[in-house]
Each structure stands twice: as C-alpha cells, then as structure tokens.
Amino acid sequence: MEFETIPTVPTADEVLDRSLRRAAAKKKLKTNVDTANEEFVRAVASAIHDKLTSVVGSFPSFERLSPFYQEATDILVSLDRIKRSLGAVTWAADRVRIIGSGYTRSMRSAGETDRKRRQAVARISSVVHQVEDDLLFLNEARNILRKLPHVSEDDFTVVVAGFPNVGKSSFIRLVSTAEPEIAAYPFTTKGIVVGHHDIGKRDRIQLIDTPGVLVRPADERNPIERQAVSAIINTADVVLFILDASEHCGYALDDQVRLLDEIRRIVDVPVVAVVNKADIRGIEGYPEMSTLTGEGVEAVLDLLLTFKKEATKTNLREPLQPETQL
C-alpha cells in the first residue's frame, strides 16, 4: 500500500542542517575562497531543492488512488490540506533553486563573496522556514495514513457493517485472518480492519471489519463512522449487516433496522442481513448465528461465498472485447 513507503518528513531545521553540513564539506575541498563560497551556495541550494522535491515525490498521486483511499485521506487529514502543503513545498523547492542560481552567477563576477554567501543562506533559510508548518503537517499526515490497511481492489470483498458491539469483529475473527480487538463495550473498532478467508489453494475473499455506525444525519457522523460508510460504499461486493435482536449491544432493534434500510439505499451491491447473538434472541425470517457459541457462523460464511461464486460465473460469462483492427 502506497502510504507505507512514505519516509519521515523532516522539519525545516533538519532540512537546513543536513544541507549546510554537506555544503560545508564540499566547501573545504576548494582552496580558492571565492570559488569555495560559490560552491557552498550551489551545494546548499541543490541539496535543499532535492530534499524538498523528494518529500513531495514520496506522496502518491491522490487522483490515481481508489475512491476509498481518496475518501479516507480526506476524512482523516483533509485531502485539500495535503495538496496545499505539497504545493507549498514544491514552491519552496523551486524558489530555493532560483535564489541559489542567482547568487552563484553574481558571485562569479563580483567580489564580497563572503557577504553574498551569507545573504544567500539567509534568504534560502527564510524560504524553508516559510513552509515549516507544511512540513510538520505532512509528517503528521504521513504518520496517520501509513496506518491504513491494504485494501485490494482485485479480491472479492465482504464488508461487515452494523451498529457498535453487535459482533462484527467477532465474526471477522472467526472466519478470517484478521485479529480485530474485541471487547464488551461499543466503538472498540476505531478504523477498518482487513482479513482474508482462503478458498482452496488459489482463491480467497477479502473481509473488512468496519467501526460501528449510528443512525444520524451523514454530516453529524464522526470520522470513525465516515470511514465505515466509505468502506461500505467504495469497497464492498456484498455487505454483511449484523443485527443484534437481543439489544445487548445497547441499541434498539428498530434503530438497527433503520440503519440497515439506509445502507440498502446507498449501495448497489447485495446486502445480507444476519442476526447475531441468536443464542439469546433471534428473528424469524433472518439467517441466525452466535459468534459466542459459533453456531451458524459457517452457514453465514457459506451464504457469503455463494455471492463470490455467482460473481465468478458472471465474469466468466462476460463476452471478450473485440480486438482493435490495425
């Protein structure tokens, strides 16, 4: 996943300190004072330009990311803010290069190279410090985004949804490789968790555990809930909606059904509603399971796998596109 490869973003002082040290080492190699000063400015400007450019280049092209990752970025750190900060750092890199080039040219045809070297370093330092807040923000964004799990666009995906504490994480833990945190209190899951269930030796499905969502207007949902809704809309091939008819989750069954109806309205993929904690209370007409006892869990998984099989058959039936005539 592209966010994992983003290196730590240095602070303004770190950029300057490293570049000045490298430039000072190069300056020592020159015996002529004027040439040494010119080389120092050139080296400082080049090192800072290259470092700032590498910072920008280490971030992915957000327009090329999947809709889920674009939305997740916007929810967690603000996509517009990242773009503005990357633009500011790009400006600083270009500005440093222009300043360095201007001073090195002037130093070839004029004296007082010591003074010009100090002036160049002061102006370059000022430019770098102008984007100090942007560098700090980009590093913070990097630390947040690199924790996002890898969501494959190629695997058949089941997104598990529902109110907090209805048993989503327990189901995921039982049927997949994921190991989400499980506790007897709501909102345990703070972000999406991805697991896989192998089908034979060569195939698998992807299961996504989502944070609990409450019934309320979209603009009143917190970032954790918005991540869940984004995963449901942007990644699901089928949605498994878990109901807790016992209401031991702390939420009324009527509210859970209202959320189920909302999800059915906002997605164009199958939504499978299943009752968990059926060892306490079930609902006639719904598939039932208990993630506590394990009863019915395999049957629910088998039901989900039928959608995977149907999708595979559909893909096999799709006609091949005609070859382009040369």
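The shown structure was predicted, so the numbers you read here are calculated from the model rather than taken from an experiment.

Chemist: When you look at the sheet that holds strand E1 (residues 156-161) in this model, what are you seeing that I'm missing?
Modeler: Backbone-to-backbone hydrogen bonds pair the strands of a sheet. The strands run either parallel or antiparallel. Across the sheet, which stays open at both edges, the 5 strands sit in the order E2-E3-E1-E4-E5 with mixed pairing between neighbours. With partners counted over all chains shown, the strands left at the sheet margins are strand E2 (193-199) and strand E5 (271-276), one partner each. Along the sheet, successive strands turn relative to each other by an average axial angle of 25°, direction set aside. With 4 bridges joining them, E1 and strand E4 (residues 238-244) adopt parallel strand pairing. If you follow Val158 over to E4, its bridge partner there is Val238.

Chemist: Explanation requested: the pattern of salt bridges in the structure shown.
Modeler: Close approach of charged atoms allows side chains of opposite charge to pair. Taken as a whole, this structure holds 11 salt bridges when the rule is applied. Across the pair Glu262 and Arg221 runs a salt bridge whose closest N-O atoms are separated by 2.9 Å. Note that Glu262 is positioned in helix H9 (residues 253-266) and Arg221 in the loop between strand E3 (203-209) and helix H8 (223-235), a separation of 41 residues in sequence. Across this residue pair, the class does not change: Glu262 and Arg221 are buried. Note that Asp255 is salt-bridged to Arg258, the shortest N-O span being 3.1 Å. Here Asp255 and its partner Arg258 are both found in helix H9, 3 residues apart, which amounts to about one turn of the helix. Taking relative accessible area as the criterion, Asp255 reaches 26% and is therefore assigned partly exposed. For Arg258, a relative accessible area of 49% translates into the label partly exposed. One salt-bridge network, in which partners are shared between bridges, spans Glu38, Glu39 and Arg42.

Chemist: Just checking my understanding: could you explain helix H3 (residues 67-76) for this structure?
Modeler: Residues lying three or four places apart along an α-helix face the same way, a consequence of the helix completing one turn every 3.6 residues. Regarding H3, the residues found buried are Phe68, Tyr69, Ala72, Thr73 and Ile75. Considered in projection along H3, the buried side chains sweep an arc of 165° and stay on one side of the axis. The secondary structure elements touched by the buried residues of H3 are helix H4 (79-108), helix H6 (132-145) and H8. Just beyond H3, the residue with positive phi is Ser78, at close to 80°.

Chemist: What is the right way to read the nonpolar core from this model?
Modeler: Side chains of a nonpolar character, in soluble globular proteins, are inclined to be buried together. By size, the foremost hydrophobic cluster in this structure holds 95 residues, and its most contacted members are Ile48, Ile82, Leu138, Phe171, Leu240 and Ile263. Ignoring sequence-local partners within four residues, the contact set of Leu138 consists of Val9, Val55, Phe59, Ile82, Ser85, Leu86 and Val89.

Chemist: So what exactly am I meant to see when it comes to the side chain of Thr73 here?
Modeler: Within the element layout of this structure, Thr73 appears in helix H3. The residues contacting Thr73, other than those within four sequence positions of it, are Phe3, Phe62, Ser78, Leu79, Ile82 and Leu145.

Chemist: Help me understand the pairing of E2 in this model?
Modeler: Residues in a regular strand project their side chains so that they alternate between the two faces of the sheet. As defined by bridge partners, E2 adjoins E3 across 7 bridges and the pair is classed as antiparallel. Counterpart to Val193 in the pairing with E3 is Asp209. The loop that links E2 with its antiparallel partner E3 comprises 3 residues; one of these, Gly200, has a positive phi angle of about 70°.

Chemist: Even after reading the chapter, I still don't get the packing of aromatic side chains, so can you show me in this structure?
Modeler: The relation between two aromatic rings is expressed through the spacing of the ring centres and the mutual angle of the planes. With the rule as written, the count across this model stands at 4 aromatic pairs. Relative to Phe62, the ring of Phe3 lies with its centre 6.2 Å away and its plane at 35°, an arrangement referred to as tilted. Taken together, the positions of Phe3 in the segment before helix H1 (12-27) and Phe62 in the loop between helix H2 (33-58) and H3 put the pair 59 residues apart, joining distant regions of the chain. For the residue pair Phe3 and Phe62, the accessibility class agrees, reading buried in each case. A centroid spacing of 4.9 Å and a plane angle of 55° characterise the contact between Phe163 and Tyr251, whose relative ring orientation is tilted.

Chemist: Hey, could you run me through unusual backbone geometry in this one?
Modeler: Most of the time, phi is negative for any residue but glycine, and the peptide bond is trans. The phi torsion at Ser78 lies on the positive side, around 80°, for a residue other than glycine. Mapped onto the secondary structure, Ser78 falls in the loop between H3 and H4. Taking the relative accessible area as the measure of exposure, Ser78 reaches 25% and is therefore partly exposed. Phi is positive for Lys277, close to 60°, though the residue is something other than glycine. Among the secondary structure elements, Lys277 is positioned in the loop between E5 and helix H10 (297-317).

Cut-offs applied
Residues numbered from 1 in each chain as written. Predicted model: local features only at pLDDT ≥ 70, side-chain atom pairs only at ≥ 80, totals over all residues. Heavy atoms only, no water. Pairing = 2+ DSSP bridges. Helix = DSSP H or I, 4+ residues; strand = E, 2+ residues; numbered from the N terminus. Axes fitted to C-alpha atoms, helices over the stretch in contact; angles between N-to-C directions. Salt bridge = Lys/Arg side-chain N within 4 Å of Asp/Glu carboxyl O. Buried < 20%, exposed > 50% of the residue type's maximum accessible area, 1.4 Å probe, protein only. Arc of directions from axis to C-beta. Contact = heavy atoms within 4.5 Å. Core = buried A, V, L, I, M, F, W, Y, C linked by side-chain atoms within 4.5 Å. Phe/Tyr/Trp six-rings, centres within 6.5 Å; stacked < 30°, edge-to-face > 60°.

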